[in-house]
Amino acid sequence: MHEIVAARLAALRQARRLSMKTAAEAAGLNTSTVYRIEHGHVAPRESTTATLLELYGVHDPAQRWHVLALLRGEREPGWFDAPEMPLWLSRFLALEDEAVEVDAYAPMFVPALLQTPAYAEATVRACGHPGLTPEQVKAGAAVILRRQELLERDGGPRVRAVVDRRALLDPPLARPADRAGQVDAIAAAAGRPEVAVQVTRPCAETGHLYHGPPFTLLGFAGPDRRGVLVLHLLHGSTVVDDPETVEAHHEAFARLSRSAHDAAETLDVLAEIRAALAT
């Protein structure tokens with residue numbers, strides 16, 4: 001595990017534009033110690049790792065735990081622990097990977113777990129900063145698509161999604177074939193036994209039902225582990241574990257679900273939308 005932590009520490013240091021010497025001096029270490037840690041020659045002590053995380057600007061306790069738990073062997077590493085993955089995103093993806101229940105809603109957008117490659121790239125371009133390179137757009141879309149592998153995993157989570165009708169009728173896609181392809185992809189996902197998709201009704205006043213950013217609710221196995229809320233904000237995803245806030249979003253999702261078409265109607269509703277896109 002320590003090699004993965006070492007790569008993460010090196011990436012964090014480089015992101016702060018600190019040399020090994022500067023980092024070592026600030027942390028009260030020898031430069032050779034930082035070198036050996038980053039190259040996986042030695043397993044860093046937990047106290048040393050905590051000191052370096054603080055130095056590199058990782059002040060959020062949950063993000064610090066995310067790294068230290070890996071060092072202690074308290075969680076298994078995953079693809080989301082790649083050092084180039086932002087730490088806030090790595091933590092969210094690790095939680096999503098562990099979840100047994102996933103509820104998602106995104107005003108004006110298709111939830112990420114249901115996006116096609118074309119839609120994912122369009123979403124990254126629309127939500128990212130203006131200077132994103134084509135390579136960065138593709139990398140961001142690749143993360144979205146990699147997340148969708150949990151839908152195909154044996155024993156994967158139960159997924160419920162409420163899809164904003166406006167996201168299908170006016171998507172960030174220029175090509176008609178891409179628009180139709182996104183509708184077809186949602187229909188295919190809705191056919192999976194562990195996935196329930198609902199589409200909001202025409203002219204539904206969803207703004208009165210929920211006013212806020214896209215969100216995901218994650219539930220976990222075991223009675224002692226509480227679920228969490230993930231708010232997908234412009235600067236990144238924020239994990240919220242405050243029980244009252246989590247419950248408020250469960251209630252919001254329930255309202256959205258009750259006001260939308262029933263899941264049994266989804267394929268018919270999508271067929272109507274697809275026909276409208278073709279005209």
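These figures come from a predicted structure and were not determined experimentally.

This part covers the pairing of strand S6 (residues 236-240). The element S6 is extensively covered by neighbouring structure, given that 4 of its 5 residues are classed as buried. One ladder, built from 5 bridges, connects strand S5 (residues 228-233) with S6; its direction is antiparallel. Each residue of the ladder has a partner; that of His232, found in S6, is Ser237. Taken together, S5 and the strand that follows it, S6, pair antiparallel across an intervening segment of 2 residues.

Judged by nonpolar contacts, the single largest core of 38 residues is most densely connected at Leu114, Leu168, Ile186 and Leu218. Among the secondary structure elements, those contributing two or more residues to this core are helix H6 (87-98), helix H7 (117-127), strand S2 (158-163), helix H9 (165-169), helix H10 (176-190), strand S3 (195-199), S5 and helix H13 (266-278). Excluding residues within four positions of it along the chain, Ile186 makes contact with Val110, Leu114, Val163, Leu168, Val197 and Leu270. Ala27, Leu53, Val58 and Leu87 belong to the second-largest nonpolar core, a separate cluster that totals 15 residues.

It is worth spelling out the layout of surface pockets at this point. The volume enclosed by the largest pocket comes to roughly 1300 Å³. For the largest pocket, the lining is made up of 44 residues, of which Trp88, Leu89, Val124, Gly140 and Ile144 are closest to its centre. Within the residue set of the lining of the largest pocket, elements represented by two or more residues are H6, strand S1 (101-105), H7, helix H8 (134-147), strand S4 (215-219), S5 and S6. Top contributing element to the lining of the largest pocket by residue count: H8, with 8 residues. When its residues are assigned to classes, the lining of the largest pocket shows 29 nonpolar, 11 polar and 4 charged.

Attention shifts here to empty space enclosed by the protein. Throughout the structure, instances matching the rule amount to 1 cavity of 30 Å³ or more. As a volume, the largest cavity reaches approximately 50 Å³. Elements represented by at least two residues in the lining of the largest cavity include exactly helix H1 (2-15) and helix H5 (61-72). A breakdown of the residues in the lining of the largest cavity according to their chemical character gives 4 nonpolar, 1 polar and 3 charged.

For the structure shown, the criterion picks out 18 salt bridges. When salt bridges with common partners are traced through the structure, they connect Glu101, Asp103, Arg158 and Arg160 into a single cluster.

Conventions and cut-offs
- Residues numbered from 1 in each chain as written.
- Predicted model: local features only at pLDDT ≥ 70, side-chain atom pairs only at ≥ 80, totals over all residues.
- Heavy atoms only, no water.
- Buried < 20%, exposed > 50% of the residue type's maximum accessible area, 1.4 Å probe, protein only.
- Helix = DSSP H or I, 4+ residues; strand = E, 2+ residues; numbered from the N terminus.
- Pairing = 2+ DSSP bridges.
- Core = buried A, V, L, I, M, F, W, Y, C linked by side-chain atoms within 4.5 Å.
- Contact = heavy atoms within 4.5 Å.
- 1 Å grid on protein atoms, 1.4 Å probe; cavity = no way out; pocket = protein on both sides within 12 Å on 5 of 7 lines; lining within 4 Å.
- Points joined across faces, edges and corners; volume = space filled by probe spheres on them.
- Nonpolar A, V, L, I, M, F, W, Y, C, P; charged D, E, K, R; others polar.
- Salt bridge = Lys/Arg side-chain N within 4 Å of Asp/Glu carboxyl O.

Interpretation note: all reported values are geometric properties and have no functional meaning in isolation.
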